[in-house]
Amino acid sequence: MMQLPALGALPVDLFVIVAFVLLVGGVVGSVTPLVPGGILSLAGVVVYWWASGFAEPNVFVLSGLLFVALIAVATDWLAGAVSAKAGGASTRTTVIATVVGLVGLVWGPLGFLLGTAGTVFVMELVDGGEIEESARAAGVTLLGMLTSSVLQILLTAGVLVAMIGVFLL
């Protein structure tokens with residue numbers, strides 16, 4: 001029967017592996033609804049820092065990485081609501097569209113996107129908006145959500161690449 005090597009005999013610390021799993025999960029989570037990509041990236045940086053005995057990355061790099069990861073978290077949490085408001089949707093419409101979008105996740109990311117944008121369109125139309133205004137609000141909401149995903153990918157991938165550099169150097 002094959003025996004596993006002792007943890008001390010592994011070429012890479014188990015916690016470093018966990019840190020990089022979290023960092024990769026952060027990038028994947030950036031495009032997966034309800035998976036907190038920024039939080040996973042943040043956790044990966046902190047786990048690596050802890051595993052290194054608080055030595056790597058240095059405080060300056062650590063601060064920058066944590067800041068970038070926190071921007072990814074804020075982008076994840078606020079993009080839909082900010083986009084809907086920017087498109088002219090009311091607060092009530094924004095809240096209802098968020099709930100419908102979450103229910104739309106049953107049909108995957110497309111259900112989330114179309115559920116949210118469709119709800120903004122219908123709610124704004126019902127609230128007395130013109131078709132053009134309602135379509136604009138829905139379009140800006142959809143564009144903002146898609147832009148948010150791209151921004152999150154860039155931020156979390158940037159954190160991952162920087163951490164690979166910290167590990168290799």
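Counting restarts for each chain: residues are numbered from 1 in the order of the written sequence. Where local features are concerned, this predicted model is filtered to residues with pLDDT of at least 70; where side-chain atom pairs are given and counted, the filter is 80 or more; whole-chain, interface and lining totals use all residues. The basis for every side-chain value is the complete set of non-hydrogen atoms in the structure, without hydrogens or water.

Colleague: Got a sec to walk through the overall build of the protein chain? Specific residues and values, please.
Modeller: Where helices and strands are cited, they refer to DSSP runs of H or I of at least four residues and of E of at least two residues respectively, numbered from the N terminus. The secondary structure content of the protein chain amounts to six helices and zero strands. Going from N to C terminus, the protein chain has its helices and strands arranged as α-α-α-α-α-α. Radius of gyration: C-alpha atoms only; globule rule: 2.2 Å multiplied by the number of residues to the exponent 0.38. Computed over C-alpha atoms, the radius of gyration of the protein chain comes to 20 Å, more than 25% over the 15 Å expected from 2.2 N^0.38 for 169 residues, which places it beyond the range of a compact globule. Referenced to the eigenvectors of the C-alpha coordinate spread, the extents of the protein chain come out at roughly 70 × 45 × 20 Å. Relative to its 169 residues, the protein chain shows a buried fraction of 34%. Any two residues having at least one pair of non-hydrogen atoms within 4.5 Å are treated as being in contact. The contacts in the protein chain between residues at least 6 apart in sequence include a share of 66% that link residues at least 24 apart. Throughout this description, buried means an accessible area under 20% of the type-specific maximum (1.4 Å probe, protein chains only), exposed means over 50%, and partly exposed covers the range between.

Colleague: For the environment of Val31, give the residues involved together with the corresponding values.
Modeller: With respect to the secondary-structure elements, Val31 resides in the loop between helix H1 (14-29) and helix H2 (37-51). Along the backbone, Val31 and Gly144 are 113 residues apart, and their C-alpha atoms lie at a distance of 14 Å.

Colleague: Break down the nonpolar core for me, citing the residues and quoting the values.
Modeller: Nonpolar side chains in soluble globular proteins tend to end up buried together. Counting 14 residues, the largest nonpolar core has Phe20, Leu23, Val45, Tyr48, Leu65, Val159 and Met163 as the members making the most contacts within it. Among the elements of the structure, H1, H2, helix H3 (59-86) and helix H6 (131-168) are those that each provide at least two residues to this core. With five residues, H1 is the largest single contributor of residues to this core. Beyond its immediate chain neighbours, meaning those up to four positions away, Met163 contacts Phe20, Leu23, Val45, Tyr48, Pro57 and Leu65. By convention a nonpolar core is built from buried Ala, Val, Leu, Ile, Met, Phe, Trp, Tyr and Cys residues, the set being connected through side-chain atoms within 4.5 Å.

Colleague: How would you summarise the packing of aromatic side chains if you had to cite specific residues and measurements?
Modeller: Within 6.5 Å between ring centres, the rings of Phe, Tyr and Trp (the latter by its six-membered ring) count as paired, and their orientation is classed by plane angle as stacked under 30 degrees, edge-to-face over 60, tilted in between. Counted under the stated rule, the structure contains five aromatic pairs. A ring pair is formed by Tyr48 and Phe167, whose centres lie 6.5 Å apart and whose planes are at 80°; its orientation type is edge-to-face. Here Tyr48 is found in helix H2, whereas its partner Phe167 is found in helix H6, with 119 residues between them in sequence. Judged by relative accessible area, which is 5%, Tyr48 ranks as buried. On the accessibility criterion, Phe167 (38% relative accessible area) is partly exposed. Put simply, the rings of Phe20, Tyr48 and Phe167 pair up and form one aromatic cluster.

Colleague: Provide a residue-level description of unusual backbone geometry, including the pertinent values.
Modeller: Residues other than glycine predominantly adopt negative phi, and peptide bonds predominantly adopt the trans conformation. The linkage connecting Glu56 with the following residue, Pro57, adopts the cis geometry, with an omega of -10°. The backbone of Phe54 sits at a positive phi, close to 65°, despite the residue not being glycine. Topologically, Phe54 is positioned in the loop between H2 and H3. With a relative accessible area of 48%, Phe54 lands in the partly exposed category.

Colleague: Residue-level account of the environment of Leu146, with values.
Modeller: Positionally, Leu146 belongs in helix H6. Separated by 67 residues in the primary sequence, Leu146 and Ala79 place their C-alpha atoms 9.2 Å from one another.

Colleague: Describe in detail the packing of H1 against H2, supporting the description with residues and values.
Modeller: Note on geometry: axes are C-alpha line fits, over the in-contact stretch for helices, and angles between N-to-C directions span 0 to 180 degrees. Direction vectors running N to C along H1 and H2 enclose 165°, while the axes themselves pass 7 Å from each other. Here H2 runs roughly antiparallel to H1, going by the angle between their axes. Handedness of the H1/H2 crossing: left-handed. The segment H1 lies against H2, with Phe15, Val16, Val18, Ala19, Phe20, Leu22, Leu23, Gly25, Gly26 and Gly29 engaging Gly37, Leu40, Ser41, Ala43, Gly44, Val45, Val47, Tyr48, Trp50 and Ala51. Of the residues in the contact of H1 with H2, the class split is 14 nonpolar, six polar and no charged. Should an angle lie under 35 degrees it is considered roughly parallel, over 145 roughly antiparallel, and from 65 to 115 roughly perpendicular; all remaining angles are considered oblique. Crossing handedness is defined as follows: a turn of the near helix away from the far one that is anticlockwise and smaller than a right angle gives a left-handed crossing, while the clockwise case is right-handed. Only Asp, Glu, Lys and Arg are considered charged, only Ala, Val, Leu, Ile, Met, Phe, Trp, Tyr, Cys and Pro nonpolar, and every remaining residue, Gly among them, polar.

Colleague: Account for the packing of H2 against H6, naming residues and giving values.
Modeller: Each pair of packed helices gets described by two things: the angle between the helix axes and the distance between those axes. Their axes nearest at 10 Å, the elements H2 and H6 cross at an angle of 15°. It follows that H2 is roughly parallel to H6 by the angle criterion. In terms of crossing hand, the pair formed by H2 and H6 is left-handed. The segment H2 lies against H6, with Gly37, Gly38, Ser41, Val45 and Tyr48 engaging Thr156, Val159, Met163, Val166 and Phe167. Considering only residue class, the contact of H2 with H6 consists of six nonpolar, four polar and no charged.

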